[in-house]
Amino acid sequence: MTSAIISALSILTKPLSEVNAQTSQQVALQAALEANRALLLERLQSDSSFEEVQRLREEVARSAEWFCSDSEDATWSFVQECLLLLLTLTRHMTMELERFQQAPPPSTARLRTAEMAPPLPPDVLSVAQQKTLSTALQFVVSLGLCPFLAPGVGVPLGHRSAFGAVVEKLIRQEAPPPARRRLLTTTNVLLQLAELSSLATVVFTRHLGDVMAALSQLGHEPQKESERWLNVDECRACKAALRSLLEKVYQPIVIKELLILQGGPKQDARLGSSSGSRAGLASAPAWLRRLCGQLLSERLMQPHGVQAVVRAILEGGTGGESDWRKCDAVARILVACPQQSTSADAYFRLICPQVLDLLHFKDKLTAQQFQRVATRAALSIVQERPTFAQQYLLAPLLAPLQRCRSSDSQVVVEEAELTRCLEDIYKIWVVGNSPSPALLTALKDVLPVIFTLFCFTKQNVSHLRGLCQEILLWFLGKSEASAALLMLRRLSGLQAPESDVAPGFHFTAGSDGGARLSCREGCSDEDDELYEKLSGEQWRLECLIHLLAELKDSDLPGDFFLELLKELTSWTTAGEEEVKDKEEADVSSMTLLEVEQQMLGRAERQAHKLALLQVLAVMVESLQHSQLLRQTAQVVDFMVTLLQRACVGLDNVPKPHLENPVESQTLSMGMGLVATILSTPQVSSEDYALMSKLLPPLDSLSQLHPDEVVQELAANLGAVIATHGAYRPENLTAPAASCSRNPETSAKNSSVQISEVKESRTGVCTSSRLPASSAGAKNPNRKPESPSKPFSDWLLEACDPNVPTRAFALRTLTQMVQLKDPEAVQAQEKVLMLFLENLEHEDSFVYLSAIQGLAALADSYPDRILDRLLRDFQHGPSLPSSNKERSLETRLKVGEVLMRASRAMGELAPHLGQPLVGVFLRGTRDPDASVRASCLSNLGELCQKLDYALGPLTQELSSCLTALIKTEKEAEVRRAAVHVIALLLRGLSDRTTEVLRDVLLDLYRALKWVIRSDPDEVAVVHAQLALEELDDVMRRFLFPGQKLEKKIRVLS
């Protein structure tokens, strides 16, 4: 029966086989319609296969009030036959479907097997049948619906195809029934077809927009009382049908059709139709535009309405430039509050959560487009509606970070929440890159929490590290200088952060590579708690310096550095006033509370000063000078702070022997820097204007400084700056150079040695921060200079009770040993005894100098010195004056000497290292754990350099290390044993498989045992590193790199 009805539709819609070439398209189409209708009626009457179709068709025709058998319009007669057959098909399929659903289940004997497909319901159509049905529906819509739409309602047929233009001329609008009745009839039949799901798909896939246009016109078009063609009930039914249709269909498709139905913008009548050959959307009537706007607003304000609008506009996009424009257009739509909304507050309360949901899609292309819309919409809402944005957009987005600040004992922020929050911040703030005041203020409140999380991720492997770093850099780069500097002070600890993580909570690693906020376990030991606090502050400072180092093209690091220097300068005056107030304060007249408050205030100021000095020290050591002082203005400000600090206290001139040589050297080098700048020919008038700030402090130095060289240089510099280079001495930099070469010209006594020792202590730090051109800077590649004093004087000073003098003398003797000084070579036994005696000194500066000297002696005279050191390391110090109670400490110091000597052996290690290996192996059985660990450490350093000479010792070495790993109770010793294996593999590298071929398996098993069974985490880490070394060695052994080389052989 279904096939017969489809065949009838095929007869009705088939094209003519013969068409006269001289006949117009309009006449040919009308003739085809009349011929096909006549042929169908004839076949229904004569063909027995259509009897059931004819019967059911007549039933449908009798129940159809709109059917008219003798219409004057051939096209409407054709449409009526199509509608009758479509209703016939619908009625038949509905009855068959009811029978199929009411049929009893199959008997147990005929149960379907797993291979059998389920029976198809009777409303399923084949592909050919669907094609025929689509053709019939196209005729119905083209001839019975679109021609009767009002101008501007829907897309005209003439704009769709050339065939549509022919159809428009063929329709007779004046023939009965009226056009609006024909439109109502066709629309109602299509809605009846859509009640069956299989037919609804065919109808709405191609003709949803036309049906919506028809229902909109029938239900909402204004009608005059004199020309009313529909009654009130029919209008109300059309409105209800339109509402029902919009609720059932996929919302993005509905929105897309409503946008088309809304038509293009209003056209100016003066412009006419001269806009070009491209036909755009016609302007819709006012009532239709209002209706579509209302329906679109309702779609938008539904749950998931924002997503539906975005999908309707962006689906099918490729991510090109046009899609960027679409994203901006959608964002503008979302920001505009519709008139149908009860209030702007209700609208944004509904829309903002949906905008945030757009950021969380996983599909790559969809997520990219949705994030563009969400970012643009969020930024537009923040800019145009900041109050609603803060309440409904930014506050929910930043809620997980705000909860990290809460002091509620139950607060726990999960990993997924933190990850999503940081990703959303990155998309809106960093990718959106629109630094409005509202965004910066909102981010400023939670930035300390993000920085704390960044510090945590720097200690671990986490995918949140990059997000945190980009967010922090964005804020520091986009904020105003004052806000950025204030934030840097908070993050560095110079100013207490107001919005850091709540006390008692900390970040822990999450299961997916993120982080979560959890309660901190209490620490019972106060020392451990203090150490954890101090190490945490130091780590935060290092992380902050890392951020500053990433600001490559920013003046912020230099501005922060100069601000700290200015504060440091202000302390000099404040310190003198504080000392004066302390002396004048009368504690006896104060209450205990006042005294306590005064002491607490003084302690807080001291803590602040220490923190500032620490920040300055880390910045100078970690950041390049080119980043700290990028601009000429920054260099000038730096010099201003330096000179102002030098001017403080010039009224109270110190005595010559109390003058600080370090400050004098710093001042001289700073003035030398100014002289160097002024000596360049490229100094502009702007530079001279900037350097005019230096005139007041230079004037004070030229009049009040006790050093004549500094006075002369300050006067010359001030004259050059004041005259903008018109006056220039012949050798401007000579005083600076001479002062740099003689930093303690005013010191005539033993303070010379003290100052030199101080400089030698700080030489490593200062060499990196002083200009390379200064004569006083240390050059690591320069050979040690021969001292000017006699050798005997240095031996006497090495016994001086003054610690700096003794240490400096030991360093000088070490240099003489390295230079093969004849007197030092002749008195090497005295020098050895002197170094061994000072090795037992309590001060680290002295015994470290002695260690350095013994290492130099062992490098120069290994045969005799190493033998003496090995005896002292095995049996303790052999000097008569040695303190037996400190024997263990002295042995460890000798072990340090032996380790340095092992590193310096180089290619002589196979010859000189054999006795050391034996001593170190015997030392692994020492009763003291520290000595055992020291022996293993030295053994690892030495075995790296033995290469093939290690072959005879591999079995003994392997047995020793394996036994210590499995039986040693002290964790430090086990760590050292595992570390020896790692150093051994690293030193042998590709020679590992040859040298250790007999013991490699035992070492591998020992490392695996550590990973599985050792409770010490550090030992496990060492074992993992050793296994990585072994893995690299074996990969290179099994898969050697291919070398492209050509061999040429000469045949004899």
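Bear in mind the structure is a predicted one, so any value in this text is a computation, not a measurement.

Each value, and the rule that gives it
Residues numbered from 1 in each chain as written. Predicted model: local features only at pLDDT ≥ 70, side-chain atom pairs only at ≥ 80, totals over all residues. Heavy atoms only, no water. Helix = DSSP H or I, 4+ residues; strand = E, 2+ residues; numbered from the N terminus. Buried < 20%, exposed > 50% of the residue type's maximum accessible area, 1.4 Å probe, protein only. Contact = heavy atoms within 4.5 Å. Areas by Shrake-Rupley, 256 points an atom, 1.4 Å probe, with all protein chains shown as cover. Pairing = 2+ DSSP bridges. Core = buried A, V, L, I, M, F, W, Y, C linked by side-chain atoms within 4.5 Å. Domains from an automatic or database assignment. Phe/Tyr/Trp six-rings, centres within 6.5 Å; stacked < 30°, edge-to-face > 60°. Lys NZ or Arg CZ within 6 Å of the ring centre and 35° of its normal. Patch = residues over 30% accessible without salt bridge, like charges linked within 9 Å, V, L, I, M, F, W, Y side chains within 5 Å. Salt bridge = Lys/Arg side-chain N within 4 Å of Asp/Glu carboxyl O. pLDDT = per-residue confidence, 0-100. Axes fitted to C-alpha atoms, helices over the stretch in contact; angles between N-to-C directions. Left-handed = near helix turned anticlockwise from the far one by under 90°. Nonpolar A, V, L, I, M, F, W, Y, C, P; charged D, E, K, R; others polar. Arc of directions from axis to C-beta. Expected span 1.5 Å × (residues − 1). Bend = angle between axes of the 7 residues up to and from the residue.

## Structural notes on the overall build of the chain
Moving on, step 1. Helices and strands together make up the secondary structure of the chain, namely 48 helices and 2 strands.
Moving on, step 2. Per-residue burial for the chain yields a buried fraction of 45% across its 1052 residues.
Moving on, step 3. Restricting the contact set of the chain to residue pairs at least 6 apart, pairs at least 24 apart contribute 73%.
Moving on, step 4. Carbon and sulfur atoms make up 52% of the accessible area of the chain, which amounts to about 55,400 Å² in all.

## Considering the pairing of strand β1 (residues 505–509)
Every regular strand shows the same layout, with side chains that alternate between the two sheet faces.
Moving on, step 1. Across 5 bridges, the pairing between β1 and strand β2 (residues 515–519) is antiparallel. For His506, the partnering residue across the bridge sits in β2 and is Ser518.
Moving on, step 2. Once β1 ends, the chain turns through 5 residues before running back antiparallel as β2, passing Gly513 with a positive phi of about 85 degrees.

## Quick look at the nonpolar core
Moving on, step 1. By size, the foremost hydrophobic cluster in this structure holds 210 residues, and its most contacted members are Ile425, Trp429, Leu443, Ile450, Met619, Met671 and Leu694.
Moving on, step 2. Shared between two domains, this core holds at least three residues of each, these being domain 1 (1–100 + 124–204) and domain 2 (328–526).
Moving on, step 3. For Met671, the contacting residues outside a window of four places in its chain are Met639, Leu643, Leu698, Leu701, Val710, Leu713, Ala714 and Leu717.
Moving on, step 4. If you look at the next biggest cluster of nonpolar residues, it comprises 84 residues, including Val831, Ile851, Leu942 and Ala982.

## Points about unusual backbone geometry
Moving on, step 1. The residue His304 is not glycine, and still its phi comes out positive at about 65 degrees.
Moving on, step 2. Residue His304 is classed as exposed on the basis of its relative accessible area, which comes to 58%.
Moving on, step 3. Non-glycine residue Ser989 carries a positive phi angle of around 55 degrees.
Moving on, step 4. Turning to its location among the elements, Ser989 is positioned in the loop between α45 (971–988) and α46 (992–995).
Moving on, step 5. When its relative accessible area of 25% is taken as the criterion, Ser989 is described as partly exposed.

## Digging into the packing of aromatic side chains
Moving on, step 1. In this structure the tally under the stated criterion is 8 aromatic pairs.
Moving on, step 2. For the ring pair Trp66 and Phe67, a centre distance of 6.4 Å and an interplane angle of 80 degrees mean the geometry is edge-to-face.
Moving on, step 3. Taking the centre distance of 4.7 Å and the plane angle of 85 degrees together, the rings of Phe361 and Phe370 count as edge-to-face.
Moving on, step 4. Here the aromatic cluster, defined as three or more aromatic residues joined through ring pairs, consists of Tyr347, Phe348, Phe388 and Tyr392.
Moving on, step 5. Geometry around Tyr847 places Lys893 over its ring, the cationic atom sitting 4.0 Å from the centre.

## A word on the environment of Leu379
Moving on, step 1. By secondary structure assignment, the location of Leu379 is in helix α15 (residues 364–384).
Moving on, step 2. The exposure class of Leu379 is buried, given its relative accessible area of 6%.
Moving on, step 3. As a C-alpha pair, Leu379 and Val335 span 44 residues in sequence and 9.7 Å in three-dimensional space.
Moving on, step 4. For Leu379, the contacting residues outside a window of four places in its chain are Ile428, Gly432, Ser434 and Leu439.

## Section: the side chain of Ser77
Moving on, step 1. Residue position: Ser77 is located in helix α4 (residues 74–102).
Moving on, step 2. Sequence-distant contacts of Ser77, that is, excluding residues within four places in its chain, are made with Arg37 and Ser71.

## Quick word on a nonpolar patch on the surface
Moving on, step 1. On the surface, a cluster of nonpolar side chains totalling about 370 Å² of accessible area is made up of Phe1037, Leu1038 and Phe1039.
Moving on, step 2. By the secondary structure assignment, Phe1037 is in helix α48 (residues 1017–1038).

## A closer look at the environment of Leu568
Moving on, step 1. Summarising the element assignment, Leu568 is placed in helix α23 (residues 556–584).
Moving on, step 2. A residue is classified by how much of its surface remains accessible, and Leu568, at 18% relative accessible area, is buried.
Moving on, step 3. Placed 41 residues apart in sequence, Leu568 and Lys609 show a C-alpha to C-alpha distance of 8.2 Å.

## A few points about the confidence of the model for the chain
Moving on, step 1. Mean pLDDT over the chain: 78, with 83% of residues reaching 70 or higher.
Moving on, step 2. Overall, residues 653–658 carries pLDDT values under 50, and its contacts beyond four positions in sequence, including any with other chains, amount to 4 contacts.
Moving on, step 3. Scored below 50 in pLDDT, residues 740–786 makes 44 contacts in the model with residues more than four places away or belonging to other chains.

## Some thoughts on the packing of helix α39 (residues 862–875) against helix α40 (residues 887–905)
Moving on, step 1. Interhelical geometry of α39 versus α40 gives an angle of 145 degrees and a closest axis separation of 9 Å. Of the two elements, α39 crosses α40, and the hand of that crossing is left-handed. Here Leu866, Leu869, Leu870, Asp872, Phe873 and Gln874 of α39 lie close against α40, whose contacting residues are Arg891, Val894, Gly895, Val897, Leu898, Ala901 and Met905.
Moving on, step 2. Grouping the amino acids of the contact of α39 with α40 by side-chain chemistry returns 9 nonpolar, 2 polar and 2 charged.

## A look at helix α16 (residues 386–397)
Moving on, step 1. Turning to α16, its buried residues number three or more, namely Phe388, Ala389, Tyr392, Leu393, Leu394 and Leu397. The buried side chains of α16 occupy one side of the element, clustering within an arc of 160 degrees when seen end-on.

## So, helix α8 (residues 197–220)
Moving on, step 1. Between its first and last C-alpha atoms α8 spans 27 Å; for 24 residues at 1.5 Å apiece the expected length is 34 Å, and the helix comes up short by more than 12%.
Moving on, step 2. Of all the bends found along α8, the most pronounced is centred on His207 and spans about 85 degrees.
Moving on, step 3. With 18 of 24 residues buried, α8 lies mostly within the body of the structure.

## Considering the pattern of salt bridges
Moving on, step 1. Inspection of every chain in the model, using the stated rule, returns 26 salt bridges.
Moving on, step 2. Arg37 is the salt-bridge partner of Glu81, the closest N and O atoms lying 3.9 Å from each other. Separated by 44 residues along the polypeptide, Glu81 in helix α4 and Arg37 in helix α2 (residues 25–46) bring together distant segments of the chain.
Moving on, step 3. The partner of Glu896 in a salt bridge is Arg900, with the nearest N and O atoms 3.2 Å apart. Taken together, the residues span about one helical turn, with Glu896 and Arg900 both in helix α40 at a distance of 4 residues.

## What about the packing of helix α26 (residues 632–647) against helix α29 (residues 695–704)?
Moving on, step 1. Between α26 and α29, the least distance of the axes is 9 Å, while the angle of their chain directions is 35 degrees. The interaxial crossing formed by α26 with α29 has left-handed handedness. Listed contacts from α29 to Leu643, Gln644, Ala646 and Cys647 of α26 are Pro697, Leu698, Ser700 and Leu701.

## Some thoughts on the side chain of Thr452
Moving on, step 1. Within the secondary structure, Thr452 is located in helix α19 (residues 437–458).
Moving on, step 2. For Thr452, a relative accessible area of 17% corresponds to the buried category.
Moving on, step 3. When residues no more than four places from it in sequence are discounted, the contact partners of Thr452 are Asp500, Val501, Phe507 and Arg540.

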